[in-house]
Each structure stands twice: as C-alpha cells, then as structure tokens.
Amino acid sequence: MYEVDGVARPADAVVAAWFRARRYIGDRDRVHIADLLYALLRHHARIAWWLAKHGRPDVPRNRLLAWLALDGRTTPDQVHVLFNGGKFAPAVLRDHERALVAKLQGCAIDHPAMPDEVRFECPSWAAEPLRRRFRDSFGREMAALLTAAPLDLRVNPLKSTREAMLRALRDFGLKAEAARMAPYGIRVKERPSLASLPMLRSGEVEIQDEGSQLVAMLVDARPGERVVDFCAGAGGKTLAIAAQMANKGHVMACDVLANRLKRAAERFRRAGLHNIETKPLASETDRWVKRHKGGFDRVLVDAPCSGTGTWRRNPDARWRPLGAGLDHLLPLQASILASAARLVKPGGRLVYATCSMLPEENEEQVAAFLAAHPAFQVVPLRAAAPQLTGSAHPDHLSLTPARHDTDGFFAAVMQRNAEALSEEPSAE
C-alpha cells in the first residue's frame with residue numbers, strides 16, 4: 001500500500017512489479033494479497049471517513065487495520081495473530097491500534113452520516129458531472145463502479161476461434177462464457193493466474209474489456225484498407241482492428257509515448273499480426289499528420305480522458321491527481337480530434353472514443369467538433385452497428401457498468417463527406 005500511494009504508476013503495475021521481486025510467494029497468497037489491496041482501494045474514502053471519525057491518521061497501516069475490523073470477516077484475535085511481527089508479518093499491534101480495532105469491530109463500512117461522495121467513493125471533481133449524466137441512476141452507477149471488474153478476453157481470429165478457446169479455458173477448470181455483445185469476446189468468471197494460461201502467451205487471446213472490443217469493432221476496418229489508431233497506447237484496440245482486417249492492408253499505430261508503442265510492438269508480433277506499423281508522434285499536430293492528410297479509410301481517436309469509466313478496474317485512479325484537470329483535458333481532446341480528422345479521406349470513417357462517462361468529454365466534444373467541421377456527419381449507431389442495441393445514447397455507443405456490465409465507454413462514429421479536403425479548417 002505504501003508503494004501504491006508513493007508512486008504515480010497504476011496500482012496493477014505496482015502490484016506486478018512487487019510480485020516479480022518476490023517470486024517465492026505462491027499463487028494462492030498472491031491472489032489473497034491482491035484482493036486485500038484492491039478491497040482497500042475500493043473502500044478508500046469510507047475507510048478514511050472512519051479513521052477521521054476516531055481521530056486516527058489516514059496511513060496505510062491504519063487503513064488495513066480499519067478494513068480488517070469493518071469487513072466483518074476477521075475477529076480481533078485473528079487480527080492480533082496476523083500482526084505478529086514475524087519474518088513476513090506486520091509489526092505487533094500497539095495499544096492504540098488494538099483500541100482502533102476494538103472500536104470498529106461490528107461497524108458496517110457504510111454509515112448513514114457519510115456524505116454521498118464518500119459512500120459512493122466519488123471524488124469531488126467528478127460528482128457534479130456524473131450526477132448530471134446519470135440523474136436518478138447516479139447511486140446505481142456509482143455502486144456498480146465499486147464492484148470488481150470481470151476478466152474479459154478477446155479471441156484472435158487469426159489463431160483460433162471463440163468456441164475452441166471456450167473449450168480450452170473450461171478444460172483448465174475455468175468458468176468461461178461467450179461475451180454478450182462482442183463477437184470475439186469471452187468472459188471468465190474467476191480470477192486465474194494469468195501466467196498459467198498458455199493461450200495468452202501464444203497470442204490466441206488478449207485481455208480486453210468487452211466495451212473496448214466494441215469500440216474497436218465500430219471502426220469496421222476492412223481487409224486492404226489504410227487505418228490509423230491515433231492514440232494507440234498499449235495497442236489493445238490496434239490488435240483488434242488489425243485482426244478485423246485479416247492481416248491485410250495497413251494499420252498505423254500512433255502515440256506520443258514512444259515507449260508504450262515499443263511494448264505494443266511485442267504484442268503485435270505475438271498475435272501474428274504483420275500489417276501494423278508504429279509511428280511515435282511529437283504531438284497531436286506532428287508534421288506527419290499534415291503529410292498524410294486525407295490518406296486513410298478509417299481513423300480511431302481513443303482520446304486521453306479522465307478514465308471515469310475504468311474505476312472498477314482501476315480503483316486507485318479515482319484518487320490520483322487528474323494532471324492539470326478537466327480544464328486541460330478538454331481542449332487537448334478537441335485538438336487531438338481535430339488534428340486526427342485531417343487524416344480521413346473523403347467518404348472515410350472517424351471514430352472518437354473515451355473510457356469516460358462525463359458528458360463534457362463525450363457528447364459535448366463531438367457536438368463541438370461537428371459544429372467546427374461541417375464536412376463530417378454522425379453515423380448513428382443503428383446504422384454503424386445495427387447489432388448493438390441497448391446503448392445509453394440513441395446515436396452513439398454509450399456503455400456503463402450498471403447497464404452493460406462493462407467498463408464505461410463512449411464512441412461516436414462520423415463520416416467525412418465527399419468534399420474537397422481544402423475546405424476543412426486546419427488543426428495547426
């Protein structure tokens with residue numbers, strides 16, 4: 001917990017590095033340790049509230065003691081046994097710590113006096129826009145964000161089929177089922193040791209939330225086309241797009257973070273995909289964009305965002321500083337979208353996506369872009385992907401944890417009219 005608090009890296013990366021340095025820890029203990037850490041992260045605000053109520057500092061050791069007492073599954077005697085000062089155990093409890101455990105024993109984690117933002121683990125900067133977005137469903141959606149995210153896999157159709165992978169996973173004794181909406185998706189109902197799954201090492205499947213798979217599907221890339229994933233990051237959607245194209249055509253994976261693209265390239269090779277080229281960019285207005293104006297059939301802009309839709313998967317993210325905040329993110333998203341749009345050829349498709357559930361980052365961004373770029377028109381979801389029903393928005397893909405049991409995702413499909421490119425305003 002001290003390491004998660006002390007570095008800017010996501011919790012899952014910190015945990016992975018911590019386990020790599022302690023290979024002597026068995027699989028069962030690893031699962032238990034990770035589950036305990038994520039429980040602390042998911043109850044962060046409520047534990048802090050209880051500590052403040054009893055005048056105790058909000059530090060990792062107190063958080064752990066408070067959670068063990070509030071969770072109701074560990075007796076005070078068991079807590080004392082756990083904190084025994086042994087080689088791999090925490091230091092023995094002091095008197096004031098024993099008193100804290102005793103005071104919290106039998107208390108529920110939720111308390112009627114808690115403000116809604118505390119009870120729903122919602123940082124103050126996100127509360128108003130999320131209330132505006134969900135209205136009467138605010139509590140239900142916030143509660144869903146506090147649950148553990150499932151393990152979703154995407155089958156690589158170049159190497160296997162969903163039916164074959166379902167059989168293979170079940171042969172490992174895992175409860176696996178076909179995803180509800182994504183055609184290559186599989187949901188695993190358990191938390192296996194990922195290192196034990198050979199299909200991950202072979203590139204037959206990739207870990208990818210079902211919502212993310214649907215965003216990639218909306219690109220609708222065809223074999224032989226030229227496609228850009230403008231904010232490719234770790235390459236999850238790039239992989240899905242290239243597989244859609246049956247390894248034919250050309251996919252450009254662009255990002256301003258060159259190191260992430262280097263790591264993504266290894267995933268591309270493992271998946272057997274040879275139609276992907278990586279391109280580091282200096283910024284969203286890199287000269288490469290101008291040189292390739294109007295040169296691509298499909299462009300995906302998976303814009304950097306607040307990440308509110310990923311909070312159940314990354315519970316630490318809600319409490320990390322949001323860089324310069326929405327005041328910085330919103331104009332950056334607009335600039336990225338406007339610049340990437342220059343790459344779309346007449347008649348081509350532009351997909352704008354985020355893993356956010358804030359209207360400012362989604363519908364409002366799309367509306368502002370369309371007002372400034374009359375050569376583009378929305379392709380309603382019913383036309384872009386008629387098989388996708390139940391979206392929270394009538395024209396765009398809008399997924400939420402409570403309604404769809406996916407991460408929160410937004411995607412708008414737009415098409416450039418067959419007009420002269422010179423009529424488009426410049427992003428520079």
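Just so it is clear, the model here is predicted, and its values are computed rather than measured. (Residues numbered from 1 in each chain as written. Predicted model: local features only at pLDDT ≥ 70, side-chain atom pairs only at ≥ 80, totals over all residues. Heavy atoms only, no water.)

(A) Representation of the overall build of the chain in the model. In terms of regular secondary structure, the chain is built from 20 helices and 12 strands. The C-alpha atoms of the chain give a radius of gyration of 23 Å, which matches the 22 Å a tight globule of 428 residues would have. Along the longest, intermediate and shortest principal axes, the C-alpha atoms of the chain span 75 × 45 × 40 Å. Considering only contacts in the chain between residues 6 or more positions apart, those separated by 24 or more positions represent 72%. Split by element, the accessible area of the chain, about 19,300 Å² in all, is 53% carbon and sulfur. (Helix = DSSP H or I, 4+ residues; strand = E, 2+ residues; numbered from the N terminus. Rg over C-alpha atoms; globule rule 2.2 N^0.38 Å. Contact = heavy atoms within 4.5 Å. Areas by Shrake-Rupley, 256 points an atom, 1.4 Å probe, with all protein chains shown as cover.)

(B) Structural view of the nonpolar core. The biggest cluster of nonpolar side chains holds 39 residues, and the ones touching the most others in it are Leu218, Ile241, Leu388 and Leu397. Of all the secondary-structure elements, those providing two or more residues to this core are helix H13 (210–219), helix H14 (236–244), strand S6 (250–255), helix H15 (258–270), strand S9 (344–354), helix H19 (381–384), strand S11 (397–399) and strand S12 (409–416). Residue contributions to this core peak at 6 residues, all from H13. With residues up to four places along the chain from it excluded, the contact list for Leu218 reads Arg349, Val351, Leu381, Ala385, Leu388, Leu397, Ala411 and Val413. If you look at the next biggest cluster of nonpolar residues, it comprises 26 residues, including Leu281, Val289, Ala303 and Phe410. (Core = buried A, V, L, I, M, F, W, Y, C linked by side-chain atoms within 4.5 Å. Buried < 20%, exposed > 50% of the residue type's maximum accessible area, 1.4 Å probe, protein only.)

(C) Region of interest: a positive patch on the surface. Taken together, the side chains of Arg287, Lys290, Arg291 and Lys293 define a basic patch exposed on the protein surface. Tracing the backbone through its elements, the reader meets Lys293 in the loop between helix H16 (287–291) and strand S8 (296–302). According to the relative accessible area criterion, Lys293 is partly exposed, its value standing at 39%. (Patch = residues over 30% accessible without salt bridge, like charges linked within 9 Å, V, L, I, M, F, W, Y side chains within 5 Å. Salt bridge = Lys/Arg side-chain N within 4 Å of Asp/Glu carboxyl O. Lys, Arg positive; Asp, Glu negative; His and termini not counted. Charge placed at Lys NZ, Arg CZ, Asp CG, Glu CD.)

(D) Summary view of the side chain of Asp152. Within the secondary structure, Asp152 sits in strand S1 (residues 151–155). A polar contact is formed between the side chain of Asp152 and the side chain of Arg187, at a distance of 2.7 Å. Here Glu210 takes part through its backbone nitrogen, which lies 2.9 Å from a polar atom of the side chain of Asp152. (Polar contact = N/O pair within 3.5 Å; in protein donor to acceptor, adjacent residues only side chain to side chain.)

(E) Region of interest: the layout of surface pockets. A volume near 1,400 Å³ is recorded for the second largest pocket. Around the second largest pocket, the lining is made up of 34 residues, and of these Trp18, Ile33, Leu36, Leu64 and Pro90 lie nearest the centre. Of all the elements in the fold, those that place two or more residues in the lining of the second largest pocket are helix H1 (2–6), helix H2 (11–20), helix H3 (27–42) and helix H5 (60–71). Per-element accounting of the lining of the second largest pocket gives the leading share, 9 residues, to H3. Split by residue class, the lining of the second largest pocket holds 24 nonpolar, 3 polar and 7 charged. (1 Å grid on protein atoms, 1.4 Å probe; cavity = no way out; pocket = protein on both sides within 12 Å on 5 of 7 lines; lining within 4 Å. Points joined across faces, edges and corners; volume = space filled by probe spheres on them. Nonpolar A, V, L, I, M, F, W, Y, C, P; charged D, E, K, R; others polar.)

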